[in-house]
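Observations on the model geometry
What follows is each chain in one-letter form.
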Amino acid sequence: MTKDLQAARTCLAQQAGLRITELACCQDHRSFRTAATGQPDGAVLVVSLIRSGCLVLRSGDREDLVDPTTGFLLRCGDDAAVARPARAPDLSTVLQFHQDVHGECPGAAASRVLPVDARLDLAHRRLVAACRAGAEPFEVAERANRLVAGLTCAVREPARAATAVAHRRLAHRACAALIDGPPNLGLEELGRQLGCSPFHLSRVFRAVTGRTLTGYRNQLRVRAVVEELDGGRPLRELAAKHGFADQAHLTRVFRQYAGELPKVVRATLRRADSPAGTEQESSTP
């Protein structure tokens with residue numbers, strides 16, 4: 001924490017290629033001081049989203065007001081400073097990436113301050129809530145990348161036919177990698193396997209399939225658990241085998257995607273497999 005900014009930082013999530021920090025500043029000052037991004041070694045892109053309060057960002061010879069309806073992006077080496085014109089404390093979420101996804105979006109590189117609509121604001125707050133709830137790193141990483149995708153890709157050029165084909169192939173390769181890969185495969189590692197950034201992968205997969213990588217991965221894991229439910233293996237062992245944090249996490253995700261508790265499904269499958277159950281079903285008109 002730099003002395004002149006009097007900012008309190010709370011780490012919400014940290015994993016390979018990504019760090020998410022809550023930054024609270026209680027000091028009002030109208031003179032410009034170095035932007036409090038807290039950029040760690042290796043971080044090349046910083047995205048800051050204001051949850052309350054406001055600040056003025058100076059980058060080069062331009063000054064912009066940043067409030068809860070906007071966000072700003074800084075890349076490694078950017079000369080930026082902030083001033084705080086309001087007395088009310090400000091609270092922001094800072095996302096630090098080790099890959100410069102900023103340059104992957106047409107038109108984004110020309111702007112430091114970008115609009116945040118109600119949909120993106122809700123996605124931002126859901127990301128914070130997921131971090132606080134201890135969500136899996138894969139989910140946190142995808143939420144963060146989708147948030148930046150929405151922030152920087154509000155306007156896109158129509159994809160060419162060759163690009164559309166390449167995107168479909170990438171989505172298909174991602175599906176195969178998640179099916180074949182270990183259950184604890186991370187989003188950044190998945191991107192490395194496929195030769196692209198997590199940001200690009202998340203954006204393309206959602207555009208092609210209409211669902212998120214996290215949702216697809218969870219569906220695969222729930223189906224794998226169902227496949228083994230009629231055996232005698234305890235749920236805690238199935239949770240560990242299929243990459244869930246614990247039995248409670250397995251139960252929560254299972255109910256979300258299957259609509260029932262795993263123990264209820266297990267009992268149903270066992271009844272269906274029993275001879276009595278077979279006879280009862282066959283005698284039903």
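Predicted, not measured: the structure shown is a model, and the values here were computed from it.

Okay, the overall build of the protein chain next. The helix and strand tally for the protein chain stands at 10 helices and 10 strands. For the protein chain, the share of sequence-separated contacts (at least 6 apart) that also reach a separation of at least 24 residues comes to 70%. Only carbon and sulfur atoms are counted for the fraction: they give 51% of the accessible area of the protein chain, which is about 14900 Å².

The next thing to look at is the pattern of salt bridges. It is possible for side chains of opposite charge to pair when their charged atoms get near one another. Applying the stated criterion across every chain, the model contains 15 salt bridges. A salt bridge links Arg58 to Glu63; its shortest N-O distance comes to 2.8 Å. Of the charged contacts, one joins Arg125 and Asp121 as a salt bridge, the two residues approaching to 3.0 Å between their closest N and O atoms. In this pair, Arg125 and Asp121 are both assigned in helix H1 (residues 118–132), four residues apart and thus about one turn of the helix distant. Within the structure, one salt-bridge network assembled from shared partners comprises Glu228, Arg233, Glu237 and Lys241.

The next subject is the pairing of strand S9 (residues 90–97). Extensive coverage of S9 is indicated by the burial of seven of its eight residues. Looking at chain direction, strand S2 (residues 18–25) and S9 are connected through eight bridges and run antiparallel. Bridge pairing in S9 links Glu22 to Thr93. Summarising the sheet, strand S4 (residues 45–52) and S9 pair through seven bridges and their orientation is antiparallel. Residue pairing for S9: Ser48 is matched across the bridge by Val94.

An α-helical segment advances 3.6 residues per turn. Residues three or four places apart therefore align on the same side. Between the first and last C-alpha of helix H3 (residues 161–180) there are 29 Å, a value that for 20 residues agrees with the 28 Å anticipated at 1.5 Å per step. Turning to H3, its buried residues are Leu170, Ala171, Ala174, Cys175, Ala177 and Leu178. Along the axis of H3, the buried positions cluster into a sector of 165°, meaning they face one direction only. In this structure, H3 carries Ala161, Ala162, Arg169, His172, Ile179 and Asp180 as exposed residues pointing more than 90 degrees from its buried face.

All right, on to the side chain of Arg266 then. Examined against the element boundaries, Arg266 turns out to sit in helix H9 (residues 262–273). A distance of 2.6 Å separates a polar side-chain atom of Arg266 from the backbone oxygen of Arg233. Beyond its immediate sequence surroundings of up to four residues, Arg266 is in contact with Glu228, Leu229, Gly231, Arg233, Leu235 and Leu238.

The next point concerns the nonpolar core. If you look at the biggest cluster of nonpolar residues, it comprises 41 residues, and the most contacted ones within it are Ile20, Val47, Leu190, Leu201 and Leu213. Take this core: its biggest share by element is eight residues, from helix H2 (residues 137–152). Not counting chain neighbours up to four residues away, the residues in contact with Val47 comprise Phe72, Leu73, Thr93, Val94, Leu95, Phe97, Val148 and Leu151. Among the nonpolar cores identified, the runner-up in size contains 11 residues, and Val225, Leu229, Ala239 and Leu250 belong to it.

It is worth spelling out the environment of Val44 at this point. Mapped onto the elements, Val44 comes out in the loop between strand S3 (29–34) and S4. Spatially, the C-alpha atom of Val44 lies 7.4 Å from that of Gln96, the residues being 52 residues apart in sequence.

Once that is clear, we can look at the confidence of the model for the protein chain. Residue-level pLDDT values for the protein chain average 81, and 80% of them are 70 or greater. Mean pLDDT values for the elements of the protein chain range from 46 in helix H10 (residues 275–283) up to 95 in helix H7 (residues 235–241). Predicted confidence for residues 1–5 stays below pLDDT 50, and this span has 15 contacts to residues more than four positions away or in other chains. Scored below 50 in pLDDT, residues 36–40 shows 13 contacts in the model against residues more than four places distant or in partner chains.

Where H2 meets helix H5 (residues 198–209), the closest approach of the two axes is 9 Å, and the angle between their N-to-C directions is 80°. Between H2 and H5, the interaxial angle falls into the category roughly perpendicular. Here H2 contributes Glu142, Asn145, Arg146, Val148, Ala149 and Thr152 to the contact with H5, which in turn contributes Pro198, Phe199, Ser202, Arg203 and Arg206. Considered class by class, the residues forming the contact of H2 with H5 number four nonpolar, three polar and four charged.

What counts and what doesn't
Residues numbered from 1 in each chain as written. Predicted model: local features only at pLDDT ≥ 70, side-chain atom pairs only at ≥ 80, totals over all residues. Heavy atoms only, no water. Helix = DSSP H or I, 4+ residues; strand = E, 2+ residues; numbered from the N terminus. Contact = heavy atoms within 4.5 Å. Areas by Shrake-Rupley, 256 points an atom, 1.4 Å probe, with all protein chains shown as cover. Salt bridge = Lys/Arg side-chain N within 4 Å of Asp/Glu carboxyl O. Buried < 20%, exposed > 50% of the residue type's maximum accessible area, 1.4 Å probe, protein only. Pairing = 2+ DSSP bridges. Expected span 1.5 Å × (residues − 1). Arc of directions from axis to C-beta. Polar contact = N/O pair within 3.5 Å; in protein donor to acceptor, adjacent residues only side chain to side chain. Core = buried A, V, L, I, M, F, W, Y, C linked by side-chain atoms within 4.5 Å. pLDDT = per-residue confidence, 0-100. Axes fitted to C-alpha atoms, helices over the stretch in contact; angles between N-to-C directions. Parallel < 35°, antiparallel > 145°, perpendicular 65-115°, else oblique. Nonpolar A, V, L, I, M, F, W, Y, C, P; charged D, E, K, R; others polar.

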